[in-house]
Structures are given as C-alpha cells and as structure tokens.
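Residue-level structural notes
Each chain, written out:
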Amino acid sequence: MTAIVSVNHLSKHFRDLKAVDDLSFSVNEGDIYGFLGQNGAGKSTTIRMLLTLIEPTDGDIEIMGMNLKTHRKEILRNVGAVIEKPDLYKYLTAQENLSLFAKISGVKVPSHKIKEQLELVGLIDRADSKIKTFSQGMKQRLGIAVALIHDPKLIILDEPVNGLDPQGIADIRNLILQLSRSMGKTVIVSSHLLNEIEIIANRVLIIDRGKKIQEGTATELFDPVNTLVELIVADVASTWEKLQQTPWNNNLYAKEGDTILLRMHRNDIPSLFKTLSSIDVQVYSLSPRHSLEDYFLSITTQNRHVETFAN
Amino acid sequence: MWKLLQIELFKIYKRPRTYIAFAAVMAIVAVVQVALKYDGKSYIDFMMSGLSDTFEFQNEKVLNGYLVCFIILNTLLIHVPLLVALIAADEVAGEANMGTLRLLVTKPVSRTQLILVKFAASVIYVILLLIWMAVLALLISMLIFGTNDMVVLRNDSFHQMQADDVLWRYIMAFGYATVAMSTVAALSLLLSVFADNAVGPIVATISIVIVLTILSEMNIPLYDKTVKPYLFTSHMVAWKGFFYVKSTEEGETIKGSIENLPAIGKSFFILVAYMFLFVGLAIACFKKKDILS
C-alpha cells in the first residue's frame, strides 16, 4: 500500500497550549481513515494543518509524495475538503456554488458534470435554489459535492455528520462508503462519534490532548478479550451478590443504575447467560457495550471512566 | 488571476449588500438636486453673500449642472468611504464570518493572489460606484440645470471657469476620487484581515477616516507641518484642486490651467503609497494568519 498522506512529528502550539504534540501517522491510498478524538483533542487543528489553514509549529506533512510547504498548489489541486460546517455562499444557488468552487480549483467543469455531482449527493432537484433555503443536511451534502467537484484523489471531511439528524447521518455515511468503494477515493474523516468511525473506517487514529494514542485497523483496535458487557436485570444488588459466588466474580466491573457491567471475552457471553439462568436471575438484556467506544474511553479517559462507574 | 477576479466580481455582483451603496448615492443625489431645483436661489444667495458686495453674480447662471455636481461631490465624497468600507471590509472578514474563507484557502490559490484579487475587485467596485455617482451627479444635473460657466468658492475668493473648460476637470476629479477611495478600500481590506466579522473593520475604517479627517481639518500650527502632511485623509480632498485655476495679473482666468498641479501630483503619490502600504501589510498579515474561524 502506498502512503498518500504522511505526517511526521507534527506539532502546533498556541502560546502555551499544545494543540497538537509530536503527531505522526500515515494514510494509505484507498483508505477510509478515521480520525477519532474527543472535542478539543486536536483533530480539527491537525486537519487544518493538512489543508494549510494553520501553519504547523513543527513537523512535516507529505501528501502524494510531495512536501506540503513546497508543493502546496499541486497538492491542493488533488484535495477536496469539508471543514466542520460546510459553509457556502448563501446568496448563490447550489449550481453557482459548485461552478464557482470548480473554477477556483482551476477546473473547467461542464454543466452536465455539475448536475452529476448534484445527483450524487441527492440535490439535483434543488440545483437552482439558494443555499440560504437549505437544511443543515442538504448543506452538508452540497459541501461534499463541492469537495468532489474537481475530482480530487484525497477527500478530508472534518466532523461531517455534526448537527445532522439520523437520516442525514446515514446519507453521509453511505456517501463516504460510496466514495471509497465505487470511486476509489482516499477519505480522511474525523469525528467524535465513535460508532460512525467504526462503521465506515478501515483504519483509525485515536488522539487525545494533541497526542497519538493509538493507530491501527478497526479490528486491531477492537479487543474482544476485554469487552465491556451490559447486563440489565430486575434486581441489581442481589444479582451482583449471586455473581460474586460464581467464577464470574473476577469479571464484575461496575454497577450503573439497573445495569451491571462485566469485563470479559465477547465469546463468553452465551456461557454467562447459562450461569444467569442457573442462578435464577431475571435478565432483561445482555449485550456487549459498543466496542470502539469502550476502547476509546478506556484509553483516553480511563481515570474519569473508572471513577464514574465506581460511584 | 483574471479568472479569480471574475469569480470575485461575480460574488460582489450577486451580494445584495452591494446595491445599498448605489441606492444610497442615488437617494442623496436626488435629495440635493430636488432641493436646489426648488430652492437653489436661496442657496446661491447664501453662498455668494460674502462676495456680493465686491462682485456681481447672475445667480440663475451660477446655479447650473456643473456647480450642482460640485456641491454634491463636496457633500458626498466625505460619506463615500463608508459605502466603500461596506464592501471592502467584507472581503476577508465577511468570508470568515460566512465560513467560506477556510474553503477558499484550501483551494490551489496562494494567499497573496487572494488578497490581490479581493483588492482589485474592491477597486472595480469603487470605479463603478464613482461612475454611477458621475452619471447621477454630473450628467443628470447637466440635464436638469443646464450648463454654463462654473464658479467655485474658496475661502474668501472664487474661481471661475468657462463652460467648455469644466468637463475634463470632472473627469480628472473623478479619477482622483477613485484613487482616494481605493486607498480607503485598501485600509478596509487590511483591517478585514484581522477580523472574523465585517462590522468591526467597517466601524474601524470609518472611525480612522473620521478621526484623521478631523485632524486634517483642524487649524493647529503644531500639526500643520508635523502631522497633516503624512495623513492620507489630508490628501483625499485634493480633487478640488482641479477646479482651482490660474489667472493673469489682470485677474483673467487662464483656460485649461490648474493652480497647483504639483500639489495634486504629490497628494496622488502619497495616496498611492498608502495604498501599497495597506495592501502590502494585508498580504503579509494574511499569509501568516491561522484560519481558525
């Protein structure tokens, strides 16, 4: 696999604040690369450095084998981006916005191509409507069309599902998958919504307080041995006591309302279910807590996480 | 570069705010023209009151299209910086406020090009605004009030020009005003680079112009040689110089003459120097700016 983006020892300091601290990672061609971190973790700052919106304090960025500092224009010709909210010219129509940004990108796009892009994002019926009449979801989709209009190899989407309703989130998710699978684009997508990243990304980078915490494939990051399992029962206190008398005692993790949390291998869930039946526990639900979310929380805010559950 | 300029002009053309200035100019010009049409005699009597003991004027001839245009320009050119700032201050800060600046900067265009194109678009806007003003204030006034010799008052004296010696002076005056207003546009653009909302740079531009204009107009000997010559606002009114004519020893006006052309030239170069300074600073600051909006 060829690395299309290669970031080496990247740092950005705003006076005393280290927004990004010695961050290195690489994105391969064709990847959907998930960029995961809580709000303020440094995702947007990193993405803005990739797009030359912010000057790094230190470090190097290579995109498509070229240094971003010395080959900015050549690189940006092959990059499309949506940064947080896809703000476009409100007083222009969807078609006018697309045409305008294509021209700025140095591409002459025929009107049928503009219509194709609007078709792709499901906005063909609103081609001549002004942006000020668009919903947030429609703006987001049009933002992606703007990012794609000059046919870039690399697409960078910063929090693309922010502020969208469930249908809007699903639309964007499908669009991103389509970009990668059908059109062969490399996509870097940042989000604090872990399940979104888990669904679409084949590789994930987790950052916290500007530092890299983990990088790998979603499967690598998901640890089946250490899954947090949620058990919802009628009587939490008595179930907890009963489980303490069984070999599951070592797996008991925390009590949270009507839920007991156990840390265990995901494959052992059926066996736990058998035990619960045998000790006469009324089970309402037994399921693994969201895997990547669990992992993410455990590595970024472990202390706070434990304290919350312990209370 | 040309393509970028076309895009910038297209955005200005499509933006509703653009037309506020054109409507404002039309309204002010119309108000002055209507007032002078119906009560011009009183105005001329008042204007000439200091000279009527020494000279005899035919008021109906003095009040003509050329003088009306001069009166309008005198009134309006003080306020045009506000209209120019409305557009020029919006060039970067407005884009930052809308969120489109970050999208623009991620395109394969250098930041220097972006600022130069935005400045060029502002200058074209200034030119169109002044052409509009010329059409309304000069041509329409010529149609309503007719043409005749032009009398311009200056302190306790006056300058008189023959009717066929006036039009070229207006062309020069409007040309000069374009440079003066472009300097204001450059200042607005510079201030716009530091803001994420156009209101700040608009207010700042107007405040600077007002404060410096007051300083330029104040008669304080200490400032006359130390401060005033260096303020760009002191040179913005030099367009009036095109209407001050030389006269012979007998007091006859010399046709086609300008009383102090070198002073106008000096003011012109000072304004151009300020324009370069403001645009240069805008480029330097924008190149270093982290786009966080």
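On a predicted model such as this, the values are computed, not experimentally measured, just so you know.

1. Considerations on the overall build of chain A
Along chain A, the regular secondary structure elements total 12 helices and 14 strands. Taken along the three principal axes of its C-alpha coordinates, chain A extends 75 × 45 × 35 Å. Going through the 311 residues of chain A one by one, you find that 41% of them count as buried.

2. Looking at the overall build of chain B
For chain B, the count of helices and strands is 13 helices and 2 strands. Taking 293 residues into account, the globule formula puts the C-alpha radius of gyration at 19 Å, and chain B, at 21 Å, falls close to it. In chain B, which comprises 293 residues, the share counted as buried stands at 40%. Taking all contacts inside chain B whose residues are at least 6 apart in sequence as the whole, residues at least 24 apart take part in 78%.

3. Considerations on the nonpolar core
Formed by 157 residues in total, the largest nonpolar core has its most connected members in Ile156 of chain A together with Val84 and Leu189 of chain B. Here this core takes 16 residues from helix α9 (residues 167-193) of chain B, the largest share from any one element. Counting residues in each nonpolar core, the second largest holds 9 residues, with Leu228, Leu243, Trp248 and Met264 of chain A among its members.

4. Quick look at the environment of Leu261 of chain B
Along the chain, the position of Leu261 of chain B falls in helix α13 (residues 261-288). Residues Leu261 of chain B and Val245 of chain B lie 16 residues apart in sequence; the distance between their C-alpha atoms is 9.9 Å.

5. Some details on the pairing of strand β11 (residues 227-233) of chain A
All names here are of chain A. In terms of burial, β11 is a largely internal element, 5 of the 7 residues being buried. Sheet topology places β11 next to strand β13 (residues 259-264); 6 bridges connect them, and they run antiparallel. If you follow Leu231 over to β13, its bridge partner there is Ile260. Two elements, β11 and strand β14 (residues 283-288), share 5 bridges in a ladder whose sense is antiparallel. When the sheet's bridge partners are listed, Glu230 is paired in β14 with Ser287.

6. Some points on the interface of chain B and chain A
When the parts of a complex come together, some accessible area is lost, and that lost area is often taken as the interface size. Contacts between the two partners involve 18 residues from chain B, matched on the other side by 23 residues from chain A. Counted by class, the side of chain B that touches chain A contains 8 nonpolar, 3 polar and 7 charged residues.

7. Re the packing of helix α4 (residues 65-76) of chain B against helix α8 (residues 111-145) of chain B
All names here are of chain B. Orientation of α4 relative to α8, taken along the N-to-C sense of each, is 150°, at an axis distance of 8 Å. Comparing their axes, α8 and α4 come out roughly antiparallel. For the crossing formed where α4 meets α8, the hand is right-handed. Here Gly65, Val68, Cys69, Ile72, Leu73 and Leu76 of α4 lie close against α8, whose contacting residues are Met133, Ala137, Leu138, Ser141, Met142, Ile144 and Phe145. When its residues are assigned to classes, the contact of α4 with α8 shows 11 nonpolar, 2 polar and no charged.

8. A closer look at the sheet that holds strand β7 (residues 154-158) of chain A
Strand-to-strand pairing in sheets goes through backbone hydrogen bonds, with the strands running parallel or antiparallel. All names here are of chain A. Taken in spatial order, the 6 strands line up as β6-β7-β8-β3-β9-β10 in an open sheet, and their pairing is mixed. Single-partner strands in this sheet number two, and they are β6 (79-83) and β10 (211-217). Pairs of neighbouring strands in the sheet enclose a mean axial angle of 15°, with direction left out of account. Contacting β6 and β7, helix α5 (residues 136-148) runs over the sheet at an angle of about 160° to β6. Here helix α6 (residues 166-181) sits on the sheet and contacts β3 (32-36), β7 and β8 (186-191); the angle it forms with β8, its principal contact strand, is near 155°.

9. A closer look at helix α6 (residues 90-98) of chain B
Residues and elements named next belong to chain B. In terms of burial, α6 is a largely internal element, 7 of the 9 residues being buried. Among the residues of α6, those classed as buried are Asp90, Glu91, Val92, Ala93, Gly94, Glu95 and Ala96. Considering only its buried residues, α6 is in contact with α5 (80-88), α7 (100-105), α8, α9, α10 (199-217) and α13. Taken from the residues just after α6, Gly99 is the one with a positive phi, measuring 90°.

10. Details of the confidence of the model for chain B
All names here are of chain B. Per-residue confidence for chain B gives a mean pLDDT of 86; residues scoring 70 or more make up 95%. Confidence scores differ between elements of chain B, with helix α3 (residues 59-62) showing the lowest mean pLDDT of 68 and α13 the highest of 94. Scoring the predicted complex yields pTM 0.80 and, for the interface, ipTM 0.76.

11. Thoughts on the sheet that holds strand β5 (residues 66-67) of chain A
All names here are of chain A. Spatially, the 4 strands line up as an open sheet ordered β2-β1-β4-β5, and their pairing is antiparallel. Each edge of the open sheet is held by one strand with a lone partner, namely β2 (17-28) and β5. Bridge count for strand β4 (residues 58-63) against β5 is 2 bridges, and the pairing is antiparallel. Paired with Glu62 across the two strands is Asn67, which belongs to β5.

Criteria and thresholds
- Residues numbered from 1 in each chain as written.
- Chains lettered and ligands numbered in written order.
- Predicted model: local features only at pLDDT ≥ 70, side-chain atom pairs only at ≥ 80, totals over all residues.
- Helix = DSSP H or I, 4+ residues; strand = E, 2+ residues; numbered from the N terminus.
- Buried ≥ 20, exposed ≤ 12 C-beta atoms within 10 Å, placed from the backbone.
- Rg over C-alpha atoms; globule rule 2.2 N^0.38 Å.
- Contact = placed C-beta atoms within 7 Å.
- Core = buried A, V, L, I, M, F, W, Y, C linked by C-beta atoms within 7 Å.
- Pairing = 2+ DSSP bridges.
- Nonpolar A, V, L, I, M, F, W, Y, C, P; charged D, E, K, R; others polar.
- Axes fitted to C-alpha atoms, helices over the stretch in contact; angles between N-to-C directions.
- Parallel < 35°, antiparallel > 145°, perpendicular 65-115°, else oblique.
- Left-handed = near helix turned anticlockwise from the far one by under 90°.
- pLDDT = per-residue confidence, 0-100.

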